[in-house]
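What follows is each chain in one-letter form.
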Amino acid sequence: MMLRLDGISGGYHDTLVHRGLSLELGAGEVLAVIGRNGTGKTTLARLIAGELPLAGGSIRFGGQDITRLSSWDRARRGIVSMPQTDMVFDGLTVAENLALTGAKSLGELGKRFPRIAQRMRQTAQTMSGGERKILGFVRALVSPGKLLVLDEPSEGVQTENIDHMVACIRQACADGTACLLFEQNIRMVEALAHAVIGLDSSGVCYRAEGQEISRQDMLATLSL
Ligand SMILES: Nc1ncnc2c1ncn2[C@@H]1O[C@H](COP(=O)(O)OP(=O)(O)OP(=O)(O)O)[C@@H](O)[C@H]1O
Ligand SMILES: [Mg+2]
């Protein structure tokens, strides 16, 4: 397994958002975590990226215990995180935002997202919310890594570009990257997920894999 969470707990101060949550994700797989607003998607993404401390449980990545590693050390080992907000540096240009990942060129991504490629000298703060999401997504995709942790990449993005995101994630997975996709966009989840975990206010309320994944069950999870 590339990633294994064993009974992790965590949240903010005295309030635990997650209690004893476990999951596994293999190379080349997409695990989608769905749930309506406030059910803890971002909190889980941050616990995995190391941006919030764990209150309990353990995390293994690539066979090693990373429970006590900082977000910086997790990133160095190949956990690439695209946060839900502040996914780009607003005061920097598109080119600078991309250069910080260490990537030399946009490659195929420039063809998929020409509006990003055309705005290299523009600062991120002059772009729309959807364009900034796409830039954040492109930054994550060009970053060297083994696991993508994407927190609602489709939020505010047009359908056509969501379809491009799907194609990019498929390609990354075909190359062996694993992806944890935190989403409320069921269409995107259906297109990509090998397994799905649903969250509600009391924790995990739904789990399904492969053929068991059902649109109706996912919609029910989002409307709970
Ligand atoms: N910085 C914070 N301090 C205290 N509580 C927080 C903080 N961030 C989130 N919470 C609380 O933790 C719970 C889970 O929030 P979280 O942001 O993880 O949900 P989410 O599923 O990502 O929601 P959304 O779909 O709106 O992004 C909510 O009750 C929220 O109010
Ligand atoms: Mg969130």
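1. Quick look at the site of ligand 1
Near ligand 1 you find 13 residues, and of these G38, K41, T42, T43 and Q84 are the closest. T42 places a polar side-chain atom, nitrogen or oxygen, 2.8 Å from an oxygen atom of ligand 1. Here ligand 1, which alone exposes 630 Å², has 58% of that area covered by the protein. By residue number, the principal contributor to the shell around ligand 1 is helix α1 (residues 41-49), which donates three residues.

2. Some words on the nonpolar core
Within the largest apolar cluster, 34 residues are counted, with the highest numbers of intra-cluster contacts made by F113, F137, L150 and I169. For this core, the elements supplying multiple residues, two or more each, are β6 (79-82), α3 (94-99), α6 (129-142), β7 (147-151), α7 (159-174), β8 (178-183) and α8 (186-192). Every residue in contact with I169, bar those within four places of it in the chain, is listed here: V30, F137, L150, C179, M188 and L192. Membership of the second largest hydrophobic core comes to 26 residues, among which are L21, A45, L47 and V149.

3. With respect to the sheet that holds strand β1 (residues 3-12)
The strands making up a sheet associate through backbone hydrogen bonding, with each pair oriented either parallel or antiparallel. The strand order across the open sheet formed by four strands is β2-β1-β4-β5, and the pairing between neighbours is antiparallel. The open sheet has two edge strands, β2 (15-25) and β5 (64-65), and neither has a second partner. In the sheet, β1 pairs with β2 via seven bridges, with the strands oriented antiparallel. Within β2, the position partnered with L5 by the bridge is L23. Of the strands in this sheet, β1, β2 and β4 (56-61) touch α1, which is tilted by about 120 degrees from β1.

Parameters and conventions
- Residues numbered from 1 in each chain as written.
- Chains lettered and ligands numbered in written order.
- Predicted model: local features only at pLDDT ≥ 70, side-chain atom pairs only at ≥ 80, totals over all residues.
- Heavy atoms only, no water.
- Near = heavy atom within 4 Å.
- Polar contact = N/O pair within 3.5 Å; in protein donor to acceptor, adjacent residues only side chain to side chain.
- Areas by Shrake-Rupley, 256 points an atom, 1.4 Å probe, with all protein chains shown as cover.
- Helix = DSSP H or I, 4+ residues; strand = E, 2+ residues; numbered from the N terminus.
- Core = buried A, V, L, I, M, F, W, Y, C linked by side-chain atoms within 4.5 Å.
- Buried < 20%, exposed > 50% of the residue type's maximum accessible area, 1.4 Å probe, protein only.
- Contact = heavy atoms within 4.5 Å.
- Pairing = 2+ DSSP bridges.
- Axes fitted to C-alpha atoms, helices over the stretch in contact; angles between N-to-C directions.

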